[in-house]
Amino acid sequence: MRLIASDLDGTIVRRDGSISERTIQAFRRARNEGVEIVFVTGRPTRWLQPIREAFDSIGSVICSNGAVVYDFETDQIIESHTIPAQDVMMTRELILNVEPEATFAAETLLQLHLEDTFPEPGDMRHLQEFRPAPLDAAQLGQEGVVKFLAKSRLLTPEDFHGLVEPHVHELVSVTHSAFNVTLLEMAHPSVNKAAALARHAESLGIPASDVIAFGDMPNDIQMLAWAGRGYAMSGGHPTALAACEFEADTVENDGVARVVEDLLG
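Residues numbered from 1 in each chain as written. Predicted model: local features only at pLDDT ≥ 70, side-chain atom pairs only at ≥ 80, totals over all residues. Heavy atoms only, no water.

1. Describing the packing of helix α1 (residues 21-32) against helix α9 (residues 255-264)
In the contact formed by α1 and α9, the axes pass within 9 Å of each other and the chain directions differ by 30°. The two elements α1 and α9 cross, and the hand of that crossing is left-handed. Of the residues in α9, those in contact with Arg22, Thr23, Ala26, Phe27, Arg29 and Ala30 of α1 are Val256, Ala257, Arg258, Val260, Glu261 and Leu264. In terms of residue class, the contact of α1 with α9 is made up of seven nonpolar, one polar and four charged. (Axes fitted to C-alpha atoms, helices over the stretch in contact; angles between N-to-C directions. Helix = DSSP H or I, 4+ residues; strand = E, 2+ residues; numbered from the N terminus. Left-handed = near helix turned anticlockwise from the far one by under 90°. Contact = heavy atoms within 4.5 Å. Nonpolar A, V, L, I, M, F, W, Y, C, P; charged D, E, K, R; others polar.)

2. Looking at the sheet that holds strand β5 (residues 76-80)
The eight strands are arranged β5-β4-β3-β2-β1-β11-β12-β13 in an open sheet whose pairing can be described as mixed. Each edge of the open sheet carries a strand with a single partner, namely β5 and β13 (246-248). Taken over all neighbouring pairs, the strand axes of this sheet differ in orientation by 25° on average, direction set aside. Sheet topology note: the strand β2 (residues 36-40)/strand β3 (residues 60-63) ladder contains three bridges and is parallel. Each residue of the ladder has a partner; that of Val40, found in β3, is Ile62. Against the sheet, α1 contacts β1 (3-6) and β2, and its axis sits at roughly 135° relative to β2. (Pairing = 2+ DSSP bridges.)

3. What to know about the packing of aromatic side chains
A complete count under the given rule lists seven aromatic pairs for this structure. On the numbers, 5.7 Å between centres and 35° between planes, the contact of Phe27 with Phe39 is tilted. In this pair, Phe27 sits in helix α1 while Phe39 sits in strand β2, placing the two residues twelve residues apart along the sequence. When sorted by exposure, Phe27 lands in the same class as Phe39, which is buried. On the numbers, 5.3 Å between centres and 20° between planes, the contact of Phe214 with Tyr231 is stacked. You can see Phe214 sitting in strand β11 (residues 211-215) and its partner Tyr231 sitting in strand β12 (residues 229-233), a full 17 residues away along the chain. Looking at Phe214, the relative accessible area reads 0%, which means it is buried. Overall, the relative accessible area of 7% leaves Tyr231 in the buried class. Each member of the aromatic cluster is reached from another via a ring pair, and the members are Phe27, Phe39 and Phe55. When the ring centre of Phe118 is taken as reference, the NZ or CZ atom of Lys151 above it lies at 4.3 Å. Over the ring of Phe246 we find Arg229; its NZ or CZ atom is 4.5 Å from the centre of that ring. (Phe/Tyr/Trp six-rings, centres within 6.5 Å; stacked < 30°, edge-to-face > 60°. Buried < 20%, exposed > 50% of the residue type's maximum accessible area, 1.4 Å probe, protein only. Lys NZ or Arg CZ within 6 Å of the ring centre and 35° of its normal.)

This is the structure in structure tokens:
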């Protein structure tokens with residue numbers, strides 16, 4: 001075990017947003033014993049402050065499902081892969097052709113852009129810095145879209161994914177990672193967690209066989225398959241569990257910490 005790659009929400013971050021002290025100490029011990037740490041998440045860089053507070057500058061973060069690599073220690077974006085604005089707008093039209101009630105948002109390197117129908121009732125108290133408005137292709141092109149979001153209030157996540165993906169796969173990669181909302185997460189076609197993690201590990205001279213990965217949702221499947229040993233979280237999405245030989249206990253029971261402690265001996 002030379003590198004630990006861990007998803008955040010549902011893997012080491014609990015439903016209430018907390019990270020257990022046992023998990024924090026397990027990661028710190030691994031780092032102190034020479035193991036590289038990288039968090040691999042769908043979160044944008046602006047949602048990393050709680051992680052910084054818990055772990056300080058413990059490692060790097062692969063954000064937005066692989067579209068952005070951020071270095072905690074230098075507080076800099078190391079690399080980013082954006083979707084051309086014209087592809088974003090074309091993807092939007094293709095989705096509306098198959099799900100006319102869909103609504104959209106775009107995460108750029110600078111901020112989040114929301115259509116006025118995208119937020120749920122009560123969401124805006126958490127999104128006070130954002131003003132819903134029609135997506136503007138020129139502004140999106142200037143800022144660089146790292147994640148394009150589509151929400152359906154009529155379909156399940158699996159049905160929405162199955163309906164949309166065949167129509168847009170040449171423009172964007174498509175995944176989802178939320179249990180309680182039908183939300184597709186789209187990125188540049190070359191972007192996924194596994195691809196970004198593979199490049200990061202290669203830059204450190206670490207082969208896949210020496211990587212341990214943890215995750216719980218469909219957007220983690222490629223990463224879990226790529227790593228030498230991938231652990232799906234008990235209670236995670238059925239497709240993640242089906243894709244893995246190994247299973248960790250739930251986040252509420254410190255499943256990742258237990259595995260790391262066992263591997264460290």
